[in-house]
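Architecture and fold: a report
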Amino acid sequence: QVKLVESGGGQVQPADSLTLSCLASGPIFSIYTMAWYRQAPGKERDLVAHITSGGTIEYTDSVKGRFTISRDDAKKAVYLQMNNLEPEDTAVYYCNMELTTIQARTNHYWGQGTQVTVSS
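Computed from a predicted structure; not experimentally measured.

Here we come to the nonpolar core. By size, the foremost hydrophobic cluster in this structure holds 28 residues, and its most contacted members are Trp36, Val78, Leu80, Met82, Tyr93 and Met97. At the level of elements, β3 (18-25), β4 (28-39), β5 (45-51), β7 (67-72), β8 (77-82), β9 (91-101) and β11 (114-118) are the ones that each hand at least two residues to this core. Considering each element in turn, this core owes the most residues, 5 residues, to β9. Once you skip the residues sitting within four places of it in the chain, Met97 turns out to touch Leu4, Cys22, Ala24, Ile31, Thr33, Met34, Lys76, Ala77, Val78, Asn107, His108 and Tyr109.

Printed below as a string of structure tokens:
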């Protein structure tokens, strides 16, 4: 079965940096869009950034200039470099991949989430 596993979360101080990683495994044929979402306590899960298989990247306005999304297709991985973190970035971060399995099924898959806490 397809599995996405995030890592790299933690507790940091404002202005610190963190890099999140998400690795996919299982019977994967091809991965299209890779994305990072986040969900703060009491709020909905929102898109942070996504990157298409063609390299098109989009960010939500609040992270532009601070976060960088990248992907490594050979490793089936997506990364989120987060700089100059703010308390408002505190949330559980989830990776999401739209992919096709070797059984020719296309769907969106989610990781289990990794907590990022920014606090002084």
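Turning our eyes to something else, we now look at the pattern of salt bridges. With the rule as written, the count across this model stands at 5 salt bridges. Measuring nitrogen to oxygen at the nearest pair gives 3.8 Å for the salt bridge that ties Arg66 to Glu86. On the criterion of sequence distance, the pair formed by Arg66 in the loop between β6 (57-59) and β7 and Glu86 in the loop between β8 and β9 is long-range, its members being 20 residues apart. You can call Arg66 buried: its relative accessible area is 9%. One salt bridge connects Asp73 with Arg71, and the closest N-O pair in it is separated by 2.8 Å. Via salt bridges that share partners, Arg38, Arg66, Glu86 and Asp89 belong to a single interconnected network.

Rules behind the numbers
Residues numbered from 1 in each chain as written. Predicted model: local features only at pLDDT ≥ 70, side-chain atom pairs only at ≥ 80, totals over all residues. Heavy atoms only, no water. Core = buried A, V, L, I, M, F, W, Y, C linked by side-chain atoms within 4.5 Å. Buried < 20%, exposed > 50% of the residue type's maximum accessible area, 1.4 Å probe, protein only. Helix = DSSP H or I, 4+ residues; strand = E, 2+ residues; numbered from the N terminus. Contact = heavy atoms within 4.5 Å. Salt bridge = Lys/Arg side-chain N within 4 Å of Asp/Glu carboxyl O.

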